[in-house]
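Here is how the chains run, residue by residue.
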Amino acid sequence: MSDETDFKGVSMIEAEATAEMLLMTGTFRSPQTIEEPIEQTIVRAVLEGERDRFGRLYEMYAPLVHGVLLARVPRDEVDDLVQDIFLHALRKLHTLRNPMAFGPWIAMIARNRAMDFHRASRDMVEVEENTAVAKPANRTAHEVLDFIRQLPDTYRETLVLRFVEGMTGPEIAVRTGLTPASVRVNLHRGMKLLREKMGVSAA
Amino acid sequence: MIMNMNDNYLWDRTGEPDAEVQQLEDLLGSLRYQPRTLQIPPTMSVRRRRAFIPLAIAAAIALLMIGAGLWVRFANSNRRPVLQAERGPDPTAPARTLPPSNDQPTSSTTPEPRENFSAPRKANRGVMAPKSRRPIQPAEPVLTAEELAQKEQVIVALRLVSVKLNLAQRKAQGLPQINSIRNHKIG
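**A few points about the overall build of chain A**
Helices and strands together make up the secondary structure of chain A, namely 10 helices and zero strands. Reading chain A from its N terminus to its C terminus gives the helix and strand order α-α-α-α-α-α-α-α-α-α. In chain A, buried positions account for 40% of the 203 residues. Pairs at least 24 residues apart make up 66% of the contacts formed inside chain A by residues separated by at least 6 positions.

Quick look at the structure:
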């Protein structure tokens, strides 16, 4: 569309390029010292009028928002909601007091948007719960995701970010604002509940 | 027990890989986010952060401090003349020939000429005590010897007139005259 803007051609500063390379290669081990100043720089630049820089935040945090939504709303709604959430975040970016907390902030927006979605249509997830019970042990990805969605909120979001989006525990902690200990507990207890649920369902 | 053995792999993919975790990663990895470009409408505007709020707070604090300073200064400047006015006139001050007036200068130890009263405008304004305070009693007029003699003459004349009027009134009413000089021997 002619009236839409593409952010692919945005030039990056050297620090952003370095952080992105570290993220993509999986060698990212100290996010507090590298990623936080980048977020602050980008948020400040966007608020000062460089709207194109917001595309970098979108690339960095779209997997997080996608995972948060995938744990709560139907799969075919997730992609559109991701776009809507980032546009909403761009409009409300001036209300973000701490630019380094962009990840927890947009994750909260995504959770609230998922709740609004379920208020509007209450017959989306519960229907899929019964369809996965009688399946054999050789399950598909969608069936396993449905099992994860039956877990409590804290566990299913962490498991989706870990298994679907491929984030490690420390990355989940940094991006969601949770403590590493909380994420670790959520992973372990969620994994235990998932095993129990899949085993009971398969039996 | 299996969870404890493969704890690190579930946490950060280090240590011995857990087959079940790896299977979940492979299975659910197919649902991973597929990068898309963010389509932002060109008409959408980004509101800038309100940088004037801290400035407004700082300006308000500065104005309050300036106002408090001015208030303290004016309060102190008004307090000194009021205290002098409450003392009242100095009894040891020499007699003055000027009539009583509210425009009396606060310093009564040395009489000042009348033409100087209009000059110290600030001092006159300070003499006026607030209404809530005790009113200042005007000083008794101080007369000279000549003025006292004239005053005595006027009083004697008024007494004579009063006596004559009293006699005339009794005569007109037919009342017996009071012989005010009966005890005096005439001639």
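Still more ground to cover, so stick around.
**As for the packing of helix α4 (residues 75–91) of chain A against helix α5 (residues 102–120) of chain A**
Residues and elements named next belong to chain A. Remark: α4 packs on α5, axes separated minimally by 10 Å, with the N-to-C direction vectors making an angle of 125 degrees. The pairing of α4 with α5 is recorded here as oblique in orientation. Once α4 is placed against α5, the crossing between them reads as right-handed. Contacts between α4 and α5 involve Glu 77, Leu 81, Ile 85, His 88 and Ala 89 from the first element and Ile 106, Ile 109, Ala 110, Arg 113 and Phe 117 from the second.

**Considering the interface of chain B and chain A**
Between chain B and chain A, the residue contacts involve 26 residues of the former and 38 residues of the latter. For the side of chain B that touches chain A, the secondary-structure elements that each account for two or more residues are α2 (7–12) and α3 (19–28) of chain B. With four residues, α3 of chain B is the single largest residue contributor to the side of chain B that touches chain A. Considering only residue class, the side of chain B that touches chain A consists of 14 nonpolar, four polar and eight charged.

**A look at α4 of chain A**
All names here are of chain A. The terminal C-alpha atoms of α4 lie 25 Å apart, and with 17 residues this matches the ideal 24 Å at 1.5 Å per residue to within 8%. By the largest-angle criterion, Leu 81 marks the main kink of α4, which is about 30 degrees. Those residues of α4 lying buried are Val 78, Leu 81, Val 82, Ile 85, Phe 86, Ala 89 and Leu 90. Where the residues of α4 are buried, they touch α3 (54–70) and α5.

What counts as what
- Residues numbered from 1 in each chain as written.
- Chains lettered and ligands numbered in written order.
- Predicted model: local features only at pLDDT ≥ 70, side-chain atom pairs only at ≥ 80, totals over all residues.
- Helix = DSSP H or I, 4+ residues; strand = E, 2+ residues; numbered from the N terminus.
- Buried ≥ 20, exposed ≤ 12 C-beta atoms within 10 Å, placed from the backbone.
- Contact = placed C-beta atoms within 7 Å.
- Axes fitted to C-alpha atoms, helices over the stretch in contact; angles between N-to-C directions.
- Parallel < 35°, antiparallel > 145°, perpendicular 65-115°, else oblique.
- Left-handed = near helix turned anticlockwise from the far one by under 90°.
- Nonpolar A, V, L, I, M, F, W, Y, C, P; charged D, E, K, R; others polar.
- Expected span 1.5 Å × (residues − 1).
- Bend = angle between axes of the 7 residues up to and from the residue.

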